[in-house]
Amino acid sequence: MRSLMRKSLLEEEWSPDEEPERFDVQEFEREAKQVVKDFSVSLSRELRIEDDVSNQKETRGKQKRRTNTGSNIPDHLLPRVAIVGRPNVGKSALFNRLVGGNKAIVVDEPGVTRDRLYGRSYWGDYEFMVVDTGGVLTISKSQDDVMEELAISTTIGMEGIPLASREAAVARMPSMVERQATVAVEESSVIIFLVDGQAGLTAADIEIGDWLRKNYSHKSIFLAVNKCESPRKGLMQASEFWALGYSPIPISAISGSGTGELLDSVCSQLKKLEETENHIEEYVPAIAIVGRPNVGKSSILNSLVGEDRTIVSPISGTTRDAIDTEFTGSDGQKFRLIDTAGIRKRAAVASSGSTTEALSVNRAFRAVRRSDVVALVIEAMACITEQDFKIAERIEKEGKGCLIVVNKWDTIPNKNQQTAMHYEEDVRGKLRILNWAPIVYSTAIQGHSVEKIIVAASMVEKERSRRLSTAILNQVVREAVAFKAPPRTRGGKRGRVYYCTQAAIRPPTFVFFVNDSKLFPETYRRYMEKQLRSSAGFTGTPIRLLWRSRRKVEKDEDGLLLRKQMKRPQYRQS
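Residues numbered from 1 in each chain as written. Predicted model: local features only at pLDDT ≥ 70, side-chain atom pairs only at ≥ 80, totals over all residues. Heavy atoms only, no water.

By the naming in an unreviewed UniProt entry, the protein is GTPase Der, taken from Sesamum radiatum. Per UniProt, the protein carries the Sequence similarities (unreviewed entry) text "Belongs to the TRAFAC class TrmE-Era-EngA-EngB-Septin-like GTPase superfamily. EngA (Der) GTPase family." (UniProt positions renumbered as here; feature names shortened; annotations may be inferred.)

## Examining the environment of Y423
Along the chain, the position of Y423 falls in helix α14 (residues 419–430). The exposure class assigned to Y423 is buried, which follows from its relative accessible area of 14%. Sequence-distant contacts of Y423, that is, excluding residues within four places in its chain, are made with I378, E379, A380, A382, V406, W409, I412 and Y441. Within the local environment of Y423, its side chain forms a polar contact with the backbone oxygen of A380, the two atoms lying 2.8 Å apart. (Helix = DSSP H or I, 4+ residues; strand = E, 2+ residues; numbered from the N terminus. Buried < 20%, exposed > 50% of the residue type's maximum accessible area, 1.4 Å probe, protein only. Contact = heavy atoms within 4.5 Å. Polar contact = N/O pair within 3.5 Å; in protein donor to acceptor, adjacent residues only side chain to side chain.)

## What about the environment of F389?
Within the secondary structure layout, F389 lies in helix α13 (residues 386–398). For F389, a relative accessible area of 25% gives the class partly exposed. For the pair F389 and L434, spaced 45 residues apart in sequence, the C-alpha separation works out to 9.1 Å. The residues contacting F389, other than those within four sequence positions of it, are K430, L431 and I433.

## Re the pairing of strand β2 (residues 117–123)
With seven bridges connecting them, β2 and strand β3 (residues 126–132) associate as antiparallel partners. Paired with G119 across the strands is V130, a residue of β3. Remark: two residues form the turn of the hairpin made by β2 and β3, two consecutive strands paired antiparallel; G124 in that turn has positive phi of roughly 65 degrees. (Pairing = 2+ DSSP bridges.)

## Things to note about the sheet that holds strand β13 (residues 497–504)
With mixed pairing, the three strands of this open sheet are ordered in space as β13-β14-β15. Every other strand in the sheet has two partners, leaving β13 and β15 (544–549) as the edge strands with one partner each. Across the sheet, the axes of successive neighbouring strands diverge by a mean angle of 25 degrees, strand direction being ignored. In this sheet, β15 lies alongside strand β14 (residues 509–514) in parallel orientation, the contact comprising six bridges. Each residue of the ladder has a partner; that of V514, found in β15, is S549. In this fold helix α16 (residues 470–483) packs onto β13 and β14, with an angle of close to 135 degrees to the strand it touches most, β13. (Axes fitted to C-alpha atoms, helices over the stretch in contact; angles between N-to-C directions.)

## A short note on the side chain of T509
One can find T509 in strand β14. With a relative accessible area of 3%, T509 lands in the buried category. Apart from residues no more than four positions distant in its own chain, T509 is found in contact with V36, T501, Q502, A503, A504, R544 and L546.

As structure tokens, this is what we get:
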């Protein structure tokens, strides 16, 4: 079959008076893999997120990431260690120190972390999950003081929301943050109670200590005194915290001093899990939920997992970190869901002057990069904006599978059988770059049709991982060329397709070996992609067509083909 396919395209292209030229198919296949590798490197450079002021601040004190030598034990089987404390004591900085890297947003302002954030860590022969939490507030403070401490705005990003609903949402925020922290404490076997050694003992620390002692005395609790940069002063700073009834351990989350002693104490209370074959997990696709602020991303996540995994509020920018959650569908398929912060225009983020929001948007784009499928959420009653199109462009460039989720579908009045059809036409027209993405209509806050999101995402992932046989692929290409031949140039030259192969999946990537890639204009490349989709499917995933100019060859005395030169490859995606 391979030998037949090796000649089929050639024999149709050469004129009768020319001797058909033969090509080494195995050499083509090896070359195609190298073409894809070179293209991936080139695209990675192009898509590198620009270093802005916020990103520079984030990386300025960047820690060296540990080399992961951990086991294949699934996350849900590992023991958990929760970090709790009042706002702005350095919980996220300690979290980053323990897991390695900058997974949590660290800014010198209170109330940055709100949802639970999980990260895998290890120390010696022990491996465990670390849980970062929002600052635990206290009932002794007035509502106004709490709002001021958390820097929660009642106006920015809340336009169009009635004043009563706005004030109610703001009033609920502290209790929602505390609820997330409480869940983290309850599911953990070890608790790190973090305090600020520079600020000294406060009434909030005393209340949190009493709360832990009263409700969680059966758990192992370690008191870590953070911001003790000097070992000598650290002992003095930590001494006053004996009043809390725990043995204080002076540490510095930024420099790492004292964290070894802390980890020794933590691991002494953990059960060591042995890695077995039953623990090894298979590939789990990741689904990133992205979109503009307040379109219902967190509501979708909570509705899918059946719990308040993330805080849902009309307050713009409620979600800050990218929140990973394991999820198992009704058919047993496992997914990793990633809730992200709302992505506003870069100019709007810059004008707000919020470092936290800039870092949140950066995390959202990183979530797209490490995902397999992206659920682009838009609000049914809101018009599709330029920002939606820019997010769609990023998804397509990253090569991720995609489905468009039209949330809050219940807000559309007077719906009938034609409503969805007209709405889809409008979406397709404004998001032409994602014309291959399926559309799902849902009302997440009521749990309506959210299961269709997982069904569509599962289908998209299968299409993104599908591979066409070379025989079928070349047959589709041959029929496409026969139906519409490449255009001739003014000089009479015409492009010729010699061989095509699928060199990669996720996304499906096809390499076309042609006489000269410059002879195939963009319109013809789009035509070829359309023919591939109509014949082979690939719903919900971008496909990449790379065009490689053929090698010029000459024959030696024994009639063997020798490589003479190669034209510069064209990496432009179609």
